[in-house]
Amino acid sequence: MLFMCHQMALEHESKTKTDKSSASGSSSPAVQSTTHGTGQMREANVPIIWVLGGPGCGKGTQCEKIVAKYNFSHFSTGDLLRDEVASGSEKGKELQEMMKQGILVPNETVLKLLEAAMVKALNGTVGYLIDGYPREPAQGPEFEKFIAPVDIILYFECSNETLVARILKRASESATVRADDNEETLKTRIATFRENTEKILVQYPTQLRRINAERAPADIFADVEKAIDELLATKVKK
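Residues numbered from 1 in each chain as written. Predicted model: local features only at pLDDT ≥ 70, side-chain atom pairs only at ≥ 80, totals over all residues. Heavy atoms only, no water.

## Section: the pairing of strand 1 (residues 48-53)
To keep things clear, this is the line we draw: Think of it in three bands: with a 1.4 Å probe and only protein chains considered, a residue is buried below 20% of the maximum accessible area for its type, exposed above 50%, and partly exposed in between. A run of DSSP states H or I qualifies as a helix once it reaches four residues; a run of E qualifies as a strand once it reaches two. Both are numbered from the N-terminal end. At least two bridges found by DSSP between two strands is the condition for calling them paired.
By the criterion of burial, strand 1 is predominantly enclosed, with 6 of the 6 residues buried. Burial along strand 1 is two-sided: I48, W50 and L52 facing one way and I49, V51 and G53 facing the other are all buried. As paired strands, strand 1 and strand 4 (residues 152-157) are joined by 5 bridges and run parallel to one another. Within the sheet, the bridge partner assigned to V51 lies in strand 4 and is L154.

## As for the confidence of the model for the chain
Note the threshold: Values of pLDDT, the confidence the predictor places in each residue, fall between 0 and 100. Residue contacts follow a heavy-atom distance rule, with two residues in contact if any of their heavy atoms lie within 4.5 Å.
Put simply, the chain has an average pLDDT of 83, and 81% of its residues get 70 or more. When the criterion is pLDDT under 50, residues 1-34 qualifies, and its contacts beyond four places in sequence or with other chains add up to 51 contacts.

## Comments concerning the nonpolar core
Quick note on the threshold: Definition of nonpolar core: a set of buried residues of the types Ala, Val, Leu, Ile, Met, Phe, Trp, Tyr and Cys, connected through side-chain atoms within 4.5 Å.
By size, the foremost hydrophobic cluster in this structure holds 36 residues, and its most contacted members are I48, M118, Y128, I130, F143 and I147. Sorting elements by how many residues they give to this core places helix 7 (residues 107-121) first, with 6 residues. Leaving out residues up to four positions away in the same chain, I147 has contacts with M41, R42, L111, L114, E115 and M118. Judged by nonpolar contacts, the second largest core, of 25 residues, contains F72, I152, C158 and V164.

## Focus on the pattern of salt bridges
Convention followed: By definition, a salt bridge exists where a carboxyl oxygen of Asp or Glu is found within 4 Å of a side-chain nitrogen of Lys or Arg.
Evaluated as defined, the whole model comprises 13 salt bridges. The shortest N-O distance in the salt bridge between E142 and K145 comes to 3.6 Å. With E142 and K145 both in helix 8 (residues 139-146) and 3 residues apart, this pair spans about one turn of that helix. Classification of E142 by relative accessible area gives buried; the value is 1%. Close ionic contact of E195 with K199 constitutes a salt bridge, the shortest N to O distance being 3.9 Å.

## Some details on helix 9 (residues 160-173)
An α-helical segment advances 3.6 residues per turn. Residues three or four places apart therefore align on the same side. Applied cut-off: Each helix should span, by expectation, one fewer than its residue count multiplied by 1.5 Å.
Its 14 residues give helix 9 an end-to-end C-alpha distance of 20 Å, which sits within 8% of 20 Å, the value for a rise of 1.5 Å per residue. Here helix 9 has its buried residues at T162, L163, V164, I167 and A171. If you follow the buried residues of helix 9, they end up packed against helix 10 (183-201).

This is the structure in structure tokens:
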């Protein structure tokens, strides 16, 4: 529930900032305020993959397959936020209060949590899957400035109809139904996702790998393997 509040606030805030930016021509406040990270990830030269796709595209299944085959570390900002809240730390209590109020967690805070998790896993990983991030155009450059450049982006493409059908089917089979798993809300979530994601993807034409996610998981993973094998062939951990 906490992350759902954060997610909904994030989507609303993202659209609001995008509208304001378009009107004024100014950059996102997050880009202006975030400082540089430790530089450890940049120096390590470990493969970094962003994994993007609409709700219900199946990227969770593909991430599990990637972790199992390639020994990548899999991180989502939502999980990191939940873990920090569950830890009971002062920062966790602060984050919990923000998410209860539907306030967007500052991007700098998210990046610090993400970098710390990546550094912790550094000695035992082949690479990183950053799941569902960035969520808005300003966050991509901010990640690359704070942590390290992204190597490739796996974008799992599905039609709106497929996404809605998959989520509604999942909801019908689940004992716990999310409040936003209804057709009307889903269409709004998907529309917001597409608006932001296309603006993200155009910034990374050489890193982007579009993958047809309308197929069976095994067929999708064959394309994922090809993209990762090509990356690993050219990327050497220092």
